[in-house]
Structures are given as C-alpha cells and as structure tokens.
Amino acid sequence: PHVSVPMSIDEVNHPVLLALLHANLLRPRWGPSRLIVANAQTRRRLLKWIDAQHAKLSWKQRIEYNLRLVREKPPLARYL
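How each quantity is defined
- Residues numbered from 1 in each chain as written.
- Predicted model: local features only at pLDDT ≥ 70, side-chain atom pairs only at ≥ 80, totals over all residues.
- Heavy atoms only, no water.
- Helix = DSSP H or I, 4+ residues; strand = E, 2+ residues; numbered from the N terminus.
- Buried < 20%, exposed > 50% of the residue type's maximum accessible area, 1.4 Å probe, protein only.
- Contact = heavy atoms within 4.5 Å.
- Areas by Shrake-Rupley, 256 points an atom, 1.4 Å probe, with all protein chains shown as cover.
- Lys, Arg positive; Asp, Glu negative; His and termini not counted.
- Charge placed at Lys NZ, Arg CZ, Asp CG, Glu CD.
- Pairing = 2+ DSSP bridges.
- Salt bridge = Lys/Arg side-chain N within 4 Å of Asp/Glu carboxyl O.

1. Looking at the overall build of the chain
A tally of helices and strands in the chain yields 3 helices and 3 strands. When its helices and strands are written in sequence order, the chain yields β-α-β-β-α-α. The dimensions of the chain, computed from C-alpha atoms along their principal axes, are 40 × 30 × 20 Å. In the chain, buried positions account for 14% of the 80 residues. Intrachain contacts of the chain at a sequence separation of at least 6 include 39% that bridge at least 24 residues. Per element, the accessible surface of the chain, about 6,600 Å² overall, is 61% carbon and sulfur. Taken as two groups, the 14 positive and 5 negative side-chain charges of the chain have centres that lie 10 Å from each other.

So, in structure tokens, the structure goes:
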C-alpha cells in the first residue's frame, strides 16, 4: 500500500502526511513518486492503533464512520 504524491515533496500539503513524514513513519519513494509506511513494524503499530480507536466507538458511531469513509474515500484519494 502507498499514497501517490507529486514528484516534489514540497508540493505535499496534507498535514497528516507531513506529520507522518516528519515522524519518519512514512518514507518517500520515486518512480512512481509515492509514500510508503516506513517498515512492517510501523505498519502493524499504526493498524493496531487505528483498530483500537475504532473499537472505542459506539455501534452508531462505527456505522457513521464507515459510511463517511465510503463517501469520502474517493475525493480524499484524489486530494492526496
């Protein structure tokens, strides 16, 4: 998995991506230009944290979150 980005890292303006880059949780790769998770351990830890946050939500909040994700994922992917 990766996130496609412009050729110049200076053109990346999404605050979460910039924070993950600054914390060395994401790494740039070229040809094609993209960001990848730094390593397998980082990927596991991020997924574990995301799952823990999702588990804290009520059933109603989970359904709302999942519906919002389905609606917003395509525009978010285009933005990134």
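Past the structure itself, the notes keep going.
2. Quick word on the pairing of strand S3 (residues 34–37)
As defined by bridge partners, strand S1 (residues 3–4) adjoins S3 across 2 bridges and the pair is classed as antiparallel. Of the residues in S3, the one forming a bridge with Val3 is Leu35. The sheet contact formed by strand S2 (residues 26–29) and S3 spans 4 bridges and is antiparallel. Of the residues in S3, the one forming a bridge with Arg27 is Ile36. Here S2 folds back onto S3, and the loop between the two strands holds 4 residues, one of which, Gly31, carries a positive phi near 75 degrees.

3. What to know about the pattern of salt bridges
Any two side chains of opposite charge can pair, on the condition that their charged atoms come close. The tally for this structure, following the rule as stated, stands at 1 salt bridge. We note a salt bridge from Glu64 to Lys60, for which the minimum N-O separation is 4.0 Å. Note that Glu64 and Lys60 are positioned in helix H3 (residues 59–79) at a spacing of 4 residues, about one turn of the helix. Its relative accessible area of 60% is what places Lys60 among the exposed residues.

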